[in-house]
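# A closer look at the structure
Residue-level listing of the chains:
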Amino acid sequence: MWNTKLTKLLGIEYPIIQGAMAYLSEANLVSAMCHAGATGVIATGGLQVDAVREQIRKAKDMIDKPFGVNLMLQSPNKDDIAQLVCDEKVAFVTIGAGNPVPYFEPLQAHGIKCIPVVPSVKLARRVQDKGADALVIEGMEAGGHDGKLTTMALMENVLPEIEIPVVAAGGIVDGRGIAAALVMGASGVQMGSRFLLAEECILHPNAKQAIIQAVDTDSTVTGFSRNDSVRGLKNKWSEAYLAKEYSGAPEEELMAMARGTNWKGAIEGDTENGFVLVGMSLNRLNRIQPVQEIIDELVTETEERLALAGGLLK
Ligand SMILES: Cc1cc2nc3c(=O)[nH]c(=O)nc-3n(C[C@H](O)[C@H](O)[C@H](O)COP(=O)(O)O)c2cc1C
């Protein structure tokens, strides 16, 4: 059991959050995270309210520990999901892709902790001033949608400015990364890519194998020139998309080309015509393990690294 602002805020043993992963982070994965002493976030992207309710109730049946739900502010049903989260009184929400501030008061009135994902110091200060319970900074190393700063630059810029717990995300896949974030002053980490290879993760086996085979240089980002970056594995589809993106193809054509590719990669297992979303730290993602084993390994590695860090002062 560790002691950080985030473990205290959420009442968890280890300050490790399995971040929301569209179509993939459902009740089974989240409950495995909670059983192992960390926590997880149920993804809501692309889901109807009933489907989210089903996942929340399933998770509650499996665990009696705090877990979160992701509120995606560009989703058309965001307000219905916020209401559902209030009715179900989940422990916390991570909030991304829009202005989270109007949601703080109603969610907090139901005892729900609000943890927005922010891309800059300016927004970190704003959500802190407006009463966020914690915040996530997510660097461009992360799998899925991301911004334009690296995790290291975000930590350097944001951590000295912010009092509430800061959770670092993006490119952290092992205990080295966790220890580095904690030593820099983060109160915890959010990780996605490492848990894609969990036995409990429903990612298609083809996509799991593609991640296992991949190395650092296989990472690519689409949409960077349009401020709509999405990181995943380089493949036939991403090469074709990037050729169009940088030849100035119209927005609608690019959007049509991208539509459905996450589902195709993650659920249908089409690793050439779909887009397998995963972060940059690929070399360490090399085997499928149960969540409990992953957390045990992360905890041991982090403790070893922190002990080594202490030794540097002798
Ligand atoms: C496959 C995949 C899907 C994701 N979907 C979402 C999502 O729906 N909502 C969200 O806020 N973040 C999403 N993320 C970001 C993760 O929650 C997390 O912040 C990120 O994976 C951390 O970086 P890492 O991949 O290097 O561990 C996704 C990430 C991945 C890899």
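Quick caveat, the model's predicted, so the values are computed rather than measured.

To continue, consider the nonpolar core. Ranked by size, the top nonpolar core spans 80 residues in total, and within it Ile16, Leu107, Leu135, Ile211 and Ile295 carry the most contacts. Per-element accounting of this core gives the leading share, six residues, to helix H2 (residues 27–35). Each of domain 1 (5–200 + 290–307) and domain 2 (205–266) contributes no fewer than three residues to this core. The residues touching Ile211, leaving out its near neighbours within four places in the chain, are Leu196, Leu197, Leu203, Leu233, Val276, Val278, Leu282 and Leu285. Core analysis: the next-biggest nonpolar cluster, separate from the first, contains eleven residues, Val41, Phe92, Val136 and Val167 among them.

Attention now goes to the packing of aromatic side chains. Two aromatic rings are characterised by how far apart their centres lie and by the angle between their planes. Scanning the entire structure with this criterion turns up four aromatic pairs. Relative to Tyr241, the ring of Trp237 lies with its centre 5.1 Å away and its plane at 40°, an arrangement referred to as tilted. Here Trp237 and its partner Tyr241 are both found in helix H11 (residues 236–245), four residues apart, which amounts to about one turn of the helix. Tyr241 matches Trp237 in its accessibility class, with the two residues each being buried.

The phi dihedral of Lys89 is positive, around 50°, even though this residue is not glycine. Turning to its location among the elements, Lys89 is positioned in the loop between helix H4 (78–88) and strand S4 (92–96). Positive phi values are uncommon outside glycine, yet Asn227 reaches one of about 55°.

Quick look at the pattern of salt bridges now. Following the criterion strictly, the structure yields eleven salt bridges and no others. Residue Arg125 is joined to Glu161 by a salt bridge in which the shortest nitrogen-to-oxygen separation is 3.0 Å. Taken as a pair, Arg125 in helix H6 (residues 121–129) and Glu161 in the loop between helix H7 (151–158) and strand S8 (166–169) lie far apart in primary sequence, 36 residues in all. Arg125 sits in the partly exposed class, given a relative accessible area of 39%. A network of salt bridges, in which partner residues are shared, links Arg194, Arg287, Glu293 and Glu297.

Here H6 has its buried residues at Ala124, Val127 and Gln128. The buried side chains of H6 occupy one side of the element, clustering within an arc of 105° when seen end-on. For H6, exposure combined with an orientation more than 90 degrees from the buried face picks out Lys122 and Asp129. Taken together, the buried residues of H6 touch helix H5 (101–109), strand S5 (113–118), strand S6 (135–138) and H7. One or two positions beyond H6, positive phi appears at Gly131, with a value near 105°.

Further remarks concern the domain arrangement of the chain. By domain assignment, the chain separates into domain 1 (5–200 + 290–307) and domain 2 (205–266). Between domain 1 and domain 2, the C-alpha centre-to-centre distance is 24 Å. Together domain 1 and domain 2 conceal approximately 1200 Å² of surface at their shared face, both sides included; 60% is due to carbon and sulfur atoms. When the area that domain 1 buries against domain 2 is broken down by residue, the three leading residues are Tyr23, Lys148 and Leu197, summing to 42%. Between domain 1 and domain 2 we count six residue pairs in polar contact (both at pLDDT 80 or more) in total.

All right, on to the site of the ligand then. Neighbouring residues of the ligand: 18 residues in total, closest Ala20, Glu138, Gly171, Gln190 and Ser193. In this structure, an oxygen atom belonging to the ligand sits 2.6 Å away from a side-chain N or O atom of Glu138. Separating an oxygen atom of the ligand from a backbone N or O atom of Gly171 is a distance of 2.7 Å. The protein chains hide 92% of the 610 Å² of surface that the ligand would expose on its own. Residue assignment for the shell around the ligand shows that the elements contributing at least two residues are strand S3 (68–72) and strand S9 (188–191). Looking at the shell around the ligand residue by residue, the classes come out as eight nonpolar, eight polar and two charged.

With that settled, the discussion passes to H5. Taken together, the buried positions of H5 are occupied by Val101, Tyr103, Phe104 and Leu107. Along the long axis of H5, the arc covered by the buried residues comes to 130°, so they all point the same way. Exposed positions of H5 whose direction lies more than 90 degrees from the buried face are Pro102, Glu105 and Ala109. Of the surrounding secondary structure, the elements contacted by the buried residues of H5 are S3, H4, S4, S5 and H6.

Direction vectors running N to C along H2 and helix H14 (residues 291–311) enclose 40°, while the axes themselves pass 9 Å from each other. Accordingly, the angle class assigned to the pair H2 and H14 is oblique. Seen from above, H2 lies across H14 with right-handed handedness. Mapping the contact onto sequence places Leu29, Ala32, Met33 and His35 in H2 and Val291, Gln292 and Ile295 in H14.

Each value, and the rule that gives it
- Residue positions are given per chain, counted from 1 along the sequence in the order it is written.
- For a predicted model such as this one, the threshold for reporting local features is a pLDDT of at least 70, and the threshold for listing and counting side-chain atom pairs is 80 or more; totals across whole chains, interfaces and linings nevertheless cover every residue.
- Excluding hydrogens and water, the side-chain figures rest on all heavy atoms present in the structure.
- Buried residues of nine kinds, namely Ala, Val, Leu, Ile, Met, Phe, Trp, Tyr and Cys, make up a nonpolar core once their side-chain atoms join them within 4.5 Å.
- Note on exposure labels: buried denotes an accessible area under 20% of the residue type's maximum, exposed denotes more than 50%, and partly exposed covers the range between, all computed with a 1.4 Å probe on protein chains only.
- In DSSP terms, a helix is any run of H or I states spanning at least four residues, a strand is any run of E spanning at least two, and both are numbered starting from the N terminus.
- For the domains described, the bounds stem from an automatic or database domain assignment.
- Pairs of residues are marked as contacts when any of their non-hydrogen atoms sit within 4.5 Å.
- In this analysis, rings of Phe, Tyr and Trp, with Trp reduced to its six-membered ring, are considered paired at centre separations within 6.5 Å, and the interplanar angle assigns stacked below 30 degrees, edge-to-face beyond 60, and tilted for intermediate values.
- Here, a salt bridge means any side-chain nitrogen of Lys or Arg that lies within 4 Å of a carboxyl oxygen of Asp or Glu.
- Directions drawn from the helix axis to the C-beta atoms are what define this arc.
- For any pair of parts, buried area is found by adding up, for both, the accessible area (1.4 Å probe) each one loses once the two are put together.
- Polar contact criterion, stated in full: a pair of N or O atoms within 3.5 Å, where within protein one must be able to donate a hydrogen and the other to accept it, and residues adjacent in sequence count only if both atoms are side-chain atoms.
- Being near a molecule or strand, for a residue, comes down to having at least one heavy atom within 4 Å of it.
- Accessible surface area values rest on a Shrake-Rupley calculation with a 1.4 Å probe, where residue burial reflects the displayed protein chains alone.
- Residues are grouped as follows: Ala, Val, Leu, Ile, Met, Phe, Trp, Tyr, Cys and Pro are nonpolar; Asp, Glu, Lys and Arg are charged; all remaining types, including Gly, are polar.
- Comment: axis = line fitted to C-alpha atoms, over the contacting stretch for helices; angle = value between 0 and 180 degrees taken between N-to-C directions.
- Just so you know how the angles are binned, under 35 degrees is roughly parallel, over 145 roughly antiparallel, 65 to 115 roughly perpendicular, and the rest oblique.
- Left-handed is the label given to a crossing in which the near helix is rotated counterclockwise from the far helix by less than a right angle, and right-handed is the label when the rotation is clockwise.

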